[in-house]
Amino acid sequence: MLAADAIELSSGWFLENAWLVGLIPVIGFAVIIGFGKRLPMKGAEVGLASMAISLVIALGGVVQWIQRTNSADTGEEAGSLIQAFGRTLPQATEGEAKPFVTPVVTSWVWWQNSGLEFGIGSSIDGLAILLIALVAFITLLVMIFSVDYVRGDRRYTHFFAAMTLFSGGMLIMVMSENMVQLILGWEIMGLTSFMLIGHWWEEEANSRAALKAFFTVRVGDVGLLVGTAIIFFGANQWAVDNLDSNGFNIAAIQAWALSGEANTQFLLWGAVALFIACIGKSGQFPLHTWLPDAMAGPTPVSSLLHSSTMVVAGVFLVARIYPVFWEGFNIGTGGLSFIAIIGAITIVIAALLAFVQDDIKKVLAYSTVSQLGYMMLGLGTGAWLPAVFHIFTHAFFKCALFLCAGSVSHSGSHHSFDMKKDMGGLRKKMPVTFAAWCVSTLALTGVFPFAGFWSKDEIIDNVGANGYTFLMWVGLAGAALTAMYMTRATYLTFFGEPRGAAAGHGHDDAHAEEHEMEHIGVGAPEPRSLGAAANAHGDDGSDHSDGPHESGKLILIPIVILAFFAVTAGFANPTPLASRFGEGVEVLKTYVEPRATPISTGEVIASGPGESVRIVTPSVAPSAEGGEGEGGHSKSGCGFTAPETGTVCFFPGVSHAEPKFAKILLSLAIVAVGYALAIAFCVAFYGRRDERLVGLTERNRALRGGFLFLKNKYYLDALYENVIVRAIAHPIANAAYWVNQKVIDATVNEVGIGTRKTGQWVYDNIDQKVVDGAVNGSGWAASEAGHGLQSTQSGKVSQYGALLFGAAAVGAIVLVLVNVS
Amino acid sequence: MLAVNFLLLAAALFSIGVYGVIARRNAVMVLMSIELILNAVTLNLVAFALMNGAIDGQVFALFVIAIAAAEVGVGLAMVLMIYRNRKSIALDELSEMKG
């Protein structure tokens, strides 16, 4: 802990200037809004370019973060001055705790208020840079997809503008170093998601969905504001005393929560309030209802919303200030946390809902909700790394699935998303889309060796290893359900007989019209040429027929790239392989998970905003009590015992489960059983129309009840709309109407009448008599004086001269008299 | 006192000038009367300069002479133009300025 032992951490241009990643999309948004329509590609190129630049900076940041972490572990820094001076450096040897790698902070003072300084800038650590790179990458691919997919849309430019700002909001949020900036990014996303979901607002259902999404998330946002305030009041004094920071600083909040001096009430209620925000944003039960409705937006929006932005924001918030939840919900000591319960409920209820959806995008939406439940379950039970890992892998395969659904509707089913009416048998017509869909489905369901297997099984495994056996079985059941509903969706879309639009007809069918999610209301002034664009996209000029066909290159390339990552992303952290190939294969564990090592407060430079730009690259002192935080299941160190005086922790010592072969086999077997059951059912029910199964819900009362219960989404929407909204909104609306009519209008009217009377009096008395009188009087006086003096103007020079001299003489006489007397 | 004589002379000249301006019909005579008035004033200035033993008044008198020359030039030009237009320079016939 001596300063002499400090290791210089490497930093770099990309890490220090990561704030550019957030700024560039915002500038891109302004440029698109301002000049987009005049550009050759209607603004799409600005969006693509801004995301591409952001991605380059983000990837540079990833490389430099890896270097920085390595420099902390080995003491070797590329081009290090310290090494040049030949000093020996302490190295993290086996069994010793690896030093905490401090984030790279670049921030400016945004505004000041009553002695508090609010910064804006970037704070880059492993989690932030992972998500920044992920968001930039996914957004870029989705934008490439959108170039073709929304071509010809009447608000094409606005679409790209909103997409750019949307991912900008997410980037601003994930790089934030204080809660205020986090709220800023959070709200930018809330606003732009409203714009994007309601992109085709001419149809009432779409604008209703946008409003629903906005208001449902707003309900949670109240929790964010309240939680931030609670945490601020709890943490501020401690942060000022110990870290020269304030209670909005995220690092200070983390350290405060783990300091052992934090008030448990503040922690508990702050965590509850913040988690309510996450419930709203991440679509957790019971506020998940907005997510499926958000499918009203264009498919690229759904894809982006559900993979790497927006819904992940809630999970990110929990992961970001994890110590608050860790301490507030006693996760470290095995408490059954609010987060874990909500997550587990969400997994099951959303997976069940996915069975009764006919809309392919809604199946995927509920799948997202369910997968977010896994992430929350992981976070709620101490499996931080697997949850973050699941964010990472889920982004790829869920994005790929949505883009596949978009591709199917774009080229296969004539803009319908109804699996039962307009799809079926598309696997031969759309081989690339089908292959990508299958790969992503396997990844989603967690089949070895696809991406989802590594992350989802990690979560389930860790949940079990942390002592939550029941929740582990919930997770396994969810995995089986996932396999089943995805089989159903795959079967309905790609197998069986083509139906409706997929069979090449259905263009003029009335039912196709009414089910077209992406069709504008009849009677719109100009045709929203998306239907026309489907027949005229330039990339596959060979096929202009109306029947289903494969999509164009611009649509397929992003899908294929994402499908590739759906296969390979899991190898970023293949924990079961670590025993064979060493811990080096666990890239995310090494570089993303913050180390649970205390560091002395002297080494922490307050990362609050300074007087000017400040680049913070503090040195790190390895803790003297190293070794205790390491080693899996030890229940001491950060997150369990308070750090020594003068030292702070930023991350609790989460445990990692030892992968067991039997467990892996068990989960794979459960998934396999799920697949087998679902395939058998699909073939029998949808393929052969087996009499024993068809109409079962009509014949069996219990099943019908269950079906209706699911079909009505547990009556949650009805509850919200008819009970809560009605109960709250109607009396309020009536009261507001009464107040409006009786109080405000009456007041306004009275004031109006009074003012009018006063005005009349003023007009009659003051304006007419006084003001006009004065004006007219002065005119009259001047006129009369002029007439009176007219006679003197004879025109005779001699007379003028006489007057002049006479007046001069009188003046002279007066002057003389005055002076003499 | 010597200066009083100057002042009396100036007053007499001024009165003659004023009479000429008011009583004469001929524009040239009026101009000449104005010259008389100016000269009376100039004489006053010189007289006061003598009384006070300062040279300011004399300098000022020189300026007045110069300005008077210019004024007469302008005045005679106007009289000439009036004559050309009306074949007369009788001031009592000129009443266009009547209000």
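Residues numbered from 1 in each chain as written. Chains lettered and ligands numbered in written order. Predicted model: local features only at pLDDT ≥ 70, side-chain atom pairs only at ≥ 80, totals over all residues.

A. Representation of the packing of helix α8 (residues 204-243) of chain A against helix α10 (residues 264-281) of chain A. Residues and elements named next belong to chain A. Close contact between α8 and α10 brings their axes to 7 Å; oriented N to C, the two are set at 155 degrees. By the criterion of interaxial angle, the relationship of α8 to α10 is roughly antiparallel. In this structure, α8 meets α10 at a crossing whose hand is left-handed. By residue class, the composition of the contact of α8 with α10 is 15 nonpolar, 7 polar and 2 charged. (Axes fitted to C-alpha atoms, helices over the stretch in contact; angles between N-to-C directions. Helix = DSSP H or I, 4+ residues; strand = E, 2+ residues; numbered from the N terminus. Parallel < 35°, antiparallel > 145°, perpendicular 65-115°, else oblique. Left-handed = near helix turned anticlockwise from the far one by under 90°. Nonpolar A, V, L, I, M, F, W, Y, C, P; charged D, E, K, R; others polar.)

B. Local environment of the packing of helix α13 (residues 311-320) of chain A against helix α17 (residues 384-412) of chain A. Residue and element names in this part refer to chain A. The interhelical angle for the contact between α13 and α17, taken along N-to-C directions, is 155 degrees, at an axis separation of 11 Å. Relative to α17, the element α13 lies roughly antiparallel. Seen along the crossing, α13 lies across α17 with a hand that is left-handed. From α13, V312, V315 and A319 reach across to α17, where they touch W384, A387, V388 and I391. For the contact of α13 with α17, the residue count by class is 7 nonpolar, no polar and no charged. (Contact = placed C-beta atoms within 7 Å.)

C. The arrangement of the environment of A210(A) in detail. Residue and element names in this part refer to chain A. You can see A210 is positioned in helix α8. On the basis of neighbour counts, which here come to 24 C-beta atoms within 10 Å, the residue A210 falls in the buried class. Look past the residues within four positions of A210 in its chain and what remains in contact with it is F194, I197, G198 and W201. (Buried ≥ 20, exposed ≤ 12 C-beta atoms within 10 Å, placed from the backbone.)

D. Highlighting the nonpolar core. All names here are of chain A. I132, V315, A400 and A566 are the most contacted members of the largest nonpolar core, which totals 225 residues. At 20 residues, the largest contribution of residues to this core is made by helix α5 (residues 126-149). Among residues more than four places away in sequence, those in contact with I132 are A18, V21, A58, G61, L171, V174 and M175. (Core = buried A, V, L, I, M, F, W, Y, C linked by C-beta atoms within 7 Å.)

E. Spatial organisation of the confidence of the model for chain A. All names here are of chain A. Per-residue confidence for chain A gives a mean pLDDT of 77, with 82% of residues at or over 70. Within chain A, helix α4 (residues 81-84) has the poorest average pLDDT of any element, 36, and helix α31 (residues 797-820) the best, 89. Considering only residues more than four positions removed or in separate chains, one finds that residues 76-96, a stretch of pLDDT under 50, has 26 contacts. Within the model, the stretch residues 506-545 combines pLDDT values under 50 with 61 contacts to residues more than four positions away or in other chains. (pLDDT = per-residue confidence, 0-100.)

F. Quick peek at helix α20 (residues 451-465) of chain A. Residues and elements named next belong to chain A. Compared with the 21 Å implied by 1.5 Å per residue over 15 residues, the 21 Å span of α20 between its first and last C-alpha is a close match. Judged by how many residues are buried, α20 sits mostly within the fold: 15 of 15 residues are covered. Of the residues trailing α20, G467 is marked for its positive phi of about 100 degrees. (Expected span 1.5 Å × (residues − 1).)

G. Layout of the pairing of strand β2 (residues 116-124) of chain A. Residues and elements named next belong to chain A. By the criterion of burial, β2 is predominantly enclosed, with 8 of the 9 residues buried. Pairing analysis gives 9 bridges linking strand β1 (residues 104-113) to β2, with the strands arranged antiparallel. Each residue of the ladder has a partner; that of W111, found in β2, is F118. Where β1 folds back on β2, the antiparallel hairpin that results is connected by 2 residues, among which S114 adopts a positive phi of roughly 40 degrees. (Pairing = 2+ DSSP bridges.)

H. Summary view of helix α16 (residues 360-380) of chain A. Residue and element names in this part refer to chain A. In this model, α16 (21 residues) spans 30 Å end to end at C-alpha, consistent with the 30 Å of a helix rising 1.5 Å per residue. In terms of burial, α16 is largely enclosed, as 21 of its 21 residues are buried. Looking one or two places after α16, you find G382, whose phi comes out positive at around 95 degrees.

I. Highlighting the environment of A296(A). Residue and element names in this part refer to chain A. Mapped onto the elements of the fold, A296 is located in the loop between α11 (290-293) and α12 (299-307). On the neighbour-count criterion, A296 (26 C-beta atoms within 10 Å) is buried. The spacing of A296 and A205 is 91 residues in sequence and 7.6 Å in space, taken between C-alpha atoms.

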